[in-house]
Amino acid sequence: ELGATPQTIVDKIDLAGGIVEFIVKAPMIAKSARAGQFVRVLAWPDGELIPLTLADWDEKEGTICLVVQGMGTTSLGINKMKIGESFAGIAGPLGLPSELHHYDPKKQTVVFTAGGVGLPPVYPIAREHLRLGNHVTLISGFRSSSLLFWIAENERVGKLKAEFGDLLDVIYCSNDGSFGIHGFVTTPLEEMLKNGKKSKGRDIAEVVTIGPPLMMRAVSDLTKPYGVKTVASLNSIMVDATGMCGACMVPVNLDGRMVRKHACVDGPEIDSHIIDWDKFLPRFGLFKPQEQASKVKHGF
Ligand code: FES
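What counts, and at which threshold
- Residues numbered from 1 in each chain as written.
- Predicted model: local features only at pLDDT ≥ 70, side-chain atom pairs only at ≥ 80, totals over all residues.
- Heavy atoms only, no water.
- Helix = DSSP H or I, 4+ residues; strand = E, 2+ residues; numbered from the N terminus.
- Rg over C-alpha atoms; globule rule 2.2 N^0.38 Å.
- Buried < 20%, exposed > 50% of the residue type's maximum accessible area, 1.4 Å probe, protein only.
- Contact = heavy atoms within 4.5 Å.
- Areas by Shrake-Rupley, 256 points an atom, 1.4 Å probe, with all protein chains shown as cover.
- Lys, Arg positive; Asp, Glu negative; His and termini not counted.
- Charge placed at Lys NZ, Arg CZ, Asp CG, Glu CD.
- Core = buried A, V, L, I, M, F, W, Y, C linked by side-chain atoms within 4.5 Å.
- Domains from an automatic or database assignment.
- Phe/Tyr/Trp six-rings, centres within 6.5 Å; stacked < 30°, edge-to-face > 60°.
- Pairing = 2+ DSSP bridges.
- Axes fitted to C-alpha atoms, helices over the stretch in contact; angles between N-to-C directions.
- Salt bridge = Lys/Arg side-chain N within 4 Å of Asp/Glu carboxyl O.
- Parallel < 35°, antiparallel > 145°, perpendicular 65-115°, else oblique.
- Nonpolar A, V, L, I, M, F, W, Y, C, P; charged D, E, K, R; others polar.

**Student:** Residues and numbers for the overall build of the protein, please.
**Tutor:** Broken down by element type, the protein carries 9 helices and 17 strands. Computed over the C-alpha atoms, the radius of gyration of the protein is 19 Å, within 12% of the 19 Å expected from 2.2 N^0.38 for a compact globule of 300 residues. Considered along the principal axes of its C-alpha atoms, the protein spans approximately 55 × 45 × 35 Å. Within the protein, the proportion of its 300 residues that are buried is 49%. When contacts within the protein are restricted to residue pairs at least 6 apart in sequence, those whose partners lie at least 24 apart make up 68%. For the protein, the exposed surface amounts to about 14000 Å²; the carbon and sulfur share of it is 53%. When the 32 basic and 33 acidic side-chain charges of the protein are each reduced to a single mean position, those positions are 3 Å apart.

Next up, the structure:
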């Protein structure tokens, strides 16, 4: 018995190469979570607020699942936390849930492109489509086979395949060719688009992309000329996550007008074809010098 409070870590699994899965007691969030939503995490009292898209939740157990890739001071610090330790605060669920449409599973498919740690946030959205009866094609890309996770039979994607069978096609690819198709998530996607915008005979109904910003842009640039609806789930820099501070601003082009959307309240999912990626991408590097200085200060 861990004496779990609402933000206590009850399980921790090292997935691969600095990527860690946490199961955290958070009954209120687990009760109301919907696919596509995120939480705002304050790891320790004087820490930084970071957004993490929900990777899973269990209402009965009152837990949520968060997957963290150690990159900056906060994420590296979180990944050092142990079972039984508590986060200072987790707020959520935040953001709009994924918009789900019903498609004919015999004729249409929803294509997901997940890059690296984009797989955890993709997972509950793909599952929701499957539960709705939609056919899903999951393109899951990793840098290399040493970074694979959740794909074994007894892990999340493996179990999804066992549960939904033919409703789910999974295509793996790796940048170095050590697993699955040699290439990026755009490699099989481009083939589908060139092949009449079809995957195994099904029309691509929409594409959902989650992963590094450059990858999402590449997916968006690829689908745009084909007119295939594409949604990007944006893990922007966030502070208040209530639409007030402007940190998560996404410049979008609405019929020639530049409009500011905010990933925290208008997203995290946004139509990727209206995002002004040239203006948006540099925002991810805004605090690089401070991040580097902070890592040095904290000995990472
Ligand atoms: Fe402040 Fe979105 S995080 S406006």
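Moving on, there is more to tell.
**Student:** So what's going on with the nonpolar core? Residues and values would help.
**Tutor:** Nonpolar side chains in soluble globular proteins tend to be buried together. Within the largest apolar cluster, 53 residues are counted, with the highest numbers of intra-cluster contacts made by Val41, Ile64, Leu66, Phe87, Ile90, Phe112 and Trp150. Here this core gets 6 residues from one element, more than from any other, and that element is helix H3 (residues 119-132). Of the domains in this structure, domain 1 (9-94) and domain 2 (108-233) are the two that each give at least three residues to this core. The residues touching phenylalanine 112, leaving out its near neighbours within four places in the chain, are Val122, Ile125, Ala126, His129, Val136, Thr137, Leu138, Ile139 and Val208. If you look at the next biggest cluster of nonpolar residues, it comprises 32 residues, including Val185, Leu234, Val250 and Ala263.

**Student:** Could you give an account of the packing of aromatic side chains, with specific residues and numbers?
**Tutor:** Taken as a whole, this structure holds 6 aromatic pairs when the rule is applied. Geometrically, the ring pair formed by phenylalanine 22 and phenylalanine 87 is edge-to-face, given 6.2 Å between the ring centres and 80° between the ring planes. With phenylalanine 22 in strand E2 (residues 19-25) and phenylalanine 87 in the loop between helix H2 (73-78) and strand E7 (89-94), this pair connects stretches of sequence that are 65 residues apart. With respect to class, phenylalanine 22 is no different from phenylalanine 87; both count as buried. Centre to centre, the rings of tyrosine 172 and phenylalanine 179 are 5.4 Å apart; their planes meet at 55°, and the pair counts as tilted. Take phenylalanine 179: its relative accessible area is 27%, and that puts it in the partly exposed class. An aromatic cluster is built from Tyr123, Phe142, Phe149 and Trp150, whose rings are joined through pairwise contacts.

**Student:** How would you sum up the pairing of E2? Please name residues and give values.
**Tutor:** Extensive coverage of E2 is indicated by the burial of 6 of its 7 residues. The pairing of strand E1 (residues 9-16) with E2 spans 6 bridges and is classified as antiparallel. Along E2, the bridge assignment pairs aspartate 14 with valine 20. Following E1, the chain reverses through 2 residues before pairing antiparallel with E2; glycine 17 in that reversal takes a positive phi of roughly 30°. Sheet analysis places E2 next to strand E6 (residues 63-69), joined by 7 bridges and oriented antiparallel. When the sheet's bridge partners are listed, valine 20 is paired in E6 with valine 68.

**Student:** Outline the sheet that holds strand E4 (residues 49-53), supporting the account with residue identities and numerical values.
**Tutor:** One open sheet holds the 3 strands; their spatial order is E4-E3-E7, and the pairing between them is antiparallel. Because the sheet does not close on itself, it has two edges, and the strands there are E4 and E7. Mean inter-strand twist for the sheet, computed between neighbouring axes without regard to direction, equals 25°. By the bridge criterion, 4 bridges tie strand E3 (residues 38-42) to E7 in an arrangement that is antiparallel. If you follow leucine 42 over to E7, its bridge partner there is glycine 89.

**Student:** Requested: an account of the sheet that holds strand E5 (residues 56-58), with residues and values cited.
**Tutor:** The 4 strands lie next to each other as E1-E2-E6-E5, forming an open sheet whose pairing is antiparallel. Each end of this open sheet is capped by a strand with a single partner; those strands are E1 and E5. Adjacent strand axes in the sheet meet at a mean angle of 20°, parallel and antiparallel pairs treated alike.

**Student:** Let's hear about the environment of phenylalanine 38: which residues, and what values?
**Tutor:** Mapped onto the elements of the fold, phenylalanine 38 is located in strand E3. Measuring from C-alpha to C-alpha, the distance between phenylalanine 38 and aspartate 58 comes to 15 Å, with 20 residues separating the pair along the chain.

**Student:** Account for the pattern of salt bridges, naming residues and giving values.
**Tutor:** Going through the model one piece at a time under the given rule, you end up with 11 salt bridges. Put simply, arginine 156 and glutamate 21 hold a salt bridge, and the shortest N to O gap is 3.1 Å. Residue arginine 156 is found in helix H4 (residues 156-164), and its partner glutamate 21 is found in strand E2; the two are separated by 135 residues along the sequence. When sorted by exposure, arginine 156 lands in the same class as glutamate 21, which is buried. Each of Glu21, Asp56, Arg127 and Arg156 takes part in a single network of salt bridges with overlapping partners.

**Student:** Lay out the packing of H3 against H4 with the relevant residues and their values.
**Tutor:** Between two packed helices, the angle of one axis relative to the other and the distance separating the axes together describe the packing. Put simply, H3 and H4 touch, their axes get as near as 11 Å, and they point 10° apart. By the angle class used here, H3 and H4 are roughly parallel. Seen from H3, the contacting residues are Leu119, Tyr123, Arg127, Leu130 and Arg131; seen from H4, they are Arg156, Val157, Leu160 and Phe164. Residues of the contact of H3 with H4, tallied by class, amount to 6 nonpolar, no polar and 3 charged.

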